[in-house]
Amino acid sequence: MENKIQFRDLNRQYEAIKDKIDTGIQEVIANADFISGGKVKELEEKLADYAGVKHCITCANGTDAITIALKAMGLSGSDAAFVPDFTFFSSGECPASLGLPTYFVDVRKDTYNMDPDALVEAIECVRSEGTHRPGVLIAVDLFGQPAEHDRLKEICKRYGMYLLEDGAQGLGGRIGHRMACSFGDIATTSFFPAKPLGCYGDGGAIFTDCDEWAELCRSLAVHGKDMGNPDDPDAKYNNVRLGFNSRLDTLQAAVLLAKLDAFKDSELDAVNRVAKWYGEILSDSELVLPTVKPDYYSSWAQYTVQLPECVDRDGVQKKMKEAGIPAMVYYRKPMHKQRAFANTASAIADCPVTERLCETVLCLPIHPYLRREEAERVCDKLLEACESSARIIG
Ligand SMILES: *Cc1c(COP(=O)(O)O)cnc(C)c1O
């Protein structure tokens, strides 16, 4: 029987690095240092070094990471947040939850990342209304490819805004030699199991070069504790601001330490090889394939194609599923159409690219352990399903 293809094959990954993961977990249990144990600190140092930033502060998940970062930036209700219309819910949920007026901005059709021209338009529009001032850009490294940070940063500088890089899907990506999670004034990531670097539960991290923000984030992640004097035995009983209970478990840190080595040493190369196979096999098809900009490197959180509009996507997905091939739709709905934002956030202009992507995108199985013959099987089934799911137009 043919192997079942997994959307992300965490079992194969575990088989490959089982000894290291098991040993790490056993050590944590033997030492019973489940909360803020030695491995958390070790992981933070390694991640900061990997991303090329001064500080890494781990926390409970990628959503908390964004919320904590926004709080550390000291933004208030008159500071507008700009967020891509095509992204995971959290990117907009966090600023809107903190009461920031949140505006959604259209993305590019080829890279799926925020369109800098649309951003400028949105900022100008908010400025001309005069009720809010531009406060922060949440730039998402969607599907593993860094956003256009050089241009985005320049725009942020021009308008006096902070840049928060939502690198939940971006870790491992690069622009030239500069690593994802180093581009924002603060950057965040997620270790949800399906992300490029995932743990065995929830986890997240915050990255920054700023000493003051790093200390604030550390405090916010542990109930706003006093970071003033680490030698003061009473300091940990002093809460100087309202925060969260948002720590990364030591067990998850142990898993991540084992996985980080494989991630750096082989998995990023391997997943890029799979993306290359897909590109080769599908090059003559009518599908729109994902574009990686010159000098950019993706960690391929997703491999997302666009189906021709005449194809019934639900039909394709169903036929692939019947053939044992999972394909997913990220994302089905523009952010500005989510009911949760009905009274808190808006798109300034239409976001026609996002609207269209939401109708046509399909994400194929991709992970470092996918084999060439499996990639071929995915493509065969996909093309076959597209052909038989073409709607009659007329
Ligand atoms: C997954 C994700 C998040 C949230 O991360 P969690 O760890 O699930 O809270 C935020 N932003 C983006 C773009 C994501 O993909």
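Here, the structure is the one placed above.
(A) Up close: the pattern of salt bridges. By the definition in use, this model includes 23 salt bridges. Residue Glu-42 is joined to Lys-46 by a salt bridge in which the shortest nitrogen-to-oxygen separation is 3.3 Å. Here Glu-42 pairs with Lys-46, and both are found in helix H2 (residues 38–51), just 4 residues apart, close to one helical turn. Judged by its relative accessible area of 33%, Glu-42 falls in the partly exposed class. The shortest N-O distance in the salt bridge between Glu-280 and Lys-276 comes to 3.6 Å. Here the residue Glu-280 and the residue Lys-276 both occupy positions in helix H8 (residues 250–281), the gap between them amounting to 4 residues, near one helical turn. Owing to a relative accessible area of 41%, Glu-280 belongs among the partly exposed residues under this scheme.

(B) Structural view of the site of the ligand. Around the ligand, the structure places 15 residues, and the nearest of them are Gly-62, Thr-63, Asp-166, Ser-190 and Lys-195. Residue Gly-62 places a main-chain N or O atom 2.7 Å away from an oxygen atom belonging to the ligand. Contact between the ligand and Ser-190: an oxygen atom at 2.6 Å from a side-chain N or O atom of the residue. Summarising the interface, the protein chains cover 93% of the accessible area of the ligand, which totals 380 Å² for the free molecule. Assessed atom by atom at 2 Å from the grid points, the ligand resides in the second largest pocket. Listed by contribution, the elements that provide at least two residues to the shell around the ligand are helix H3 (62–72) and helix H4 (90–97). The element that contributes the greatest number of residues to the shell around the ligand is H3, accounting for 3 residues. Partitioned by chemical class, the residues of the shell around the ligand number 4 nonpolar, 9 polar and 2 charged.

(C) Fine view of the nonpolar core. Phe-86, Met-320 and Leu-382 are the most contacted members of the largest nonpolar core, which has 38 residues in total. Among the secondary structure elements, those contributing two or more residues to this core are H8, strand E11 (303–306), helix H9 (313–322), helix H10 (352–360), strand E13 (361–364) and helix H11 (372–388). Counting residues per element, this core draws most heavily on H11, at 6 residues. Once residues lying within four places of it in the same chain are set aside, the contact partners of Phe-86 are Val-107, Tyr-112, Leu-142, Phe-143, Tyr-330, Tyr-331, Thr-354, Leu-357, Cys-358 and Val-361.

(D) Representation of the layout of surface pockets within the structure. What the largest pocket holds in volume is close to 620 Å³. Considering the residues around the largest pocket, the lining is formed by 24 residues, among which Ser-36, Val-40, Glu-44, Arg-218 and Lys-225 are closest to the centre. Those elements that provide at least two residues to the lining of the largest pocket are H2, strand E1 (55–59) and helix H7 (211–221). The element that contributes the greatest number of residues to the lining of the largest pocket is H2, accounting for 5 residues. Class assignment of the residues belonging to the lining of the largest pocket gives a composition of 9 nonpolar, 7 polar and 8 charged. Taken as a whole, the second largest pocket encloses approximately 540 Å³ of empty space. Lining the second largest pocket are 30 residues; nearest its centre among them are Phe-88, Gln-169, Phe-192, Lys-195 and Tyr-331. Secondary-structure elements contributing two or more residues to the lining of the second largest pocket are H3 and H4. Sorting elements by how many residues they give to the lining of the second largest pocket places H3 first, with 3 residues.

(E) A look at empty space enclosed by the protein. Per the stated rule, a full pass over the model turns up 2 cavities of 30 Å³ or more. Taken as a whole, the largest cavity holds about 150 Å³ of empty space. Along the wall of the largest cavity there are 17 residues; nearest its centre are Arg-8, Gln-13, Pro-196, Glu-267 and Pro-368. At the level of secondary structure, the elements contributing two or more residues to the lining of the largest cavity comprise helix H1 (10–31) and H8. No other element matches H8, which puts 5 residues into the lining of the largest cavity. Partitioned by chemical class, the residues of the lining of the largest cavity number 8 nonpolar, 4 polar and 5 charged.

What counts as what
- The residue numbering used here restarts from 1 in each chain and proceeds along that chain's sequence as written.
- Selection of residues for local features in this predicted model requires a pLDDT of at least 70, selection of side-chain atom pairs for listing and counting requires 80 or more, and totals for whole chains, interfaces and linings are taken over all residues.
- Side-chain numbers here rest on the full set of heavy atoms in the structure, without hydrogens or water.
- Think of a salt bridge as a Lys or Arg side-chain nitrogen and an Asp or Glu carboxyl oxygen that are within 4 Å of each other.
- Only DSSP runs of H or I covering at least 4 residues are called helices, and only runs of E covering at least 2 are called strands; the numbering of each starts at the N terminus.
- When a residue's accessible area, from a 1.4 Å probe over protein chains only, is under 20% of the maximum for its type it is buried; when over 50% it is exposed; and in between it is partly exposed.
- Any residue with a non-hydrogen atom lying within 4 Å of a molecule or strand is treated as near it.
- The definition of a polar contact used here is a pair of N or O atoms within 3.5 Å, where within protein one atom must be able to donate a hydrogen and the other to accept one, and adjacent residues in sequence count solely through side-chain atom pairs.
- Areas reported here follow the Shrake-Rupley algorithm with a probe of radius 1.4 Å; residue values treat only the protein chains shown as occluding.
- Residues are called lining when one of their atoms sits within 4 Å of a cavity or pocket point, these points coming from a 1 Å grid over the protein atoms alone, where a cavity is a set in which a 1.4 Å probe fits but cannot get out and a pocket is an open set with protein on both sides within 12 Å along at least five of seven lines.
- Those molecules having more than half of their atoms within 2 Å of a cavity or pocket grid point set are described as sitting in that cavity or pocket.
- Only Asp, Glu, Lys and Arg are considered charged in this grouping, and only Ala, Val, Leu, Ile, Met, Phe, Trp, Tyr, Cys and Pro are considered nonpolar; every other residue, Gly among them, is considered polar.
- What we call a nonpolar core is a set of buried Ala, Val, Leu, Ile, Met, Phe, Trp, Tyr and Cys residues that are connected through their side-chain atoms within 4.5 Å.
- Residue contacts are counted whenever heavy atoms from the two residues lie within 4.5 Å of one another.
- Grid points are joined across faces, edges and corners, and a volume is the space filled by probe spheres set on the points.

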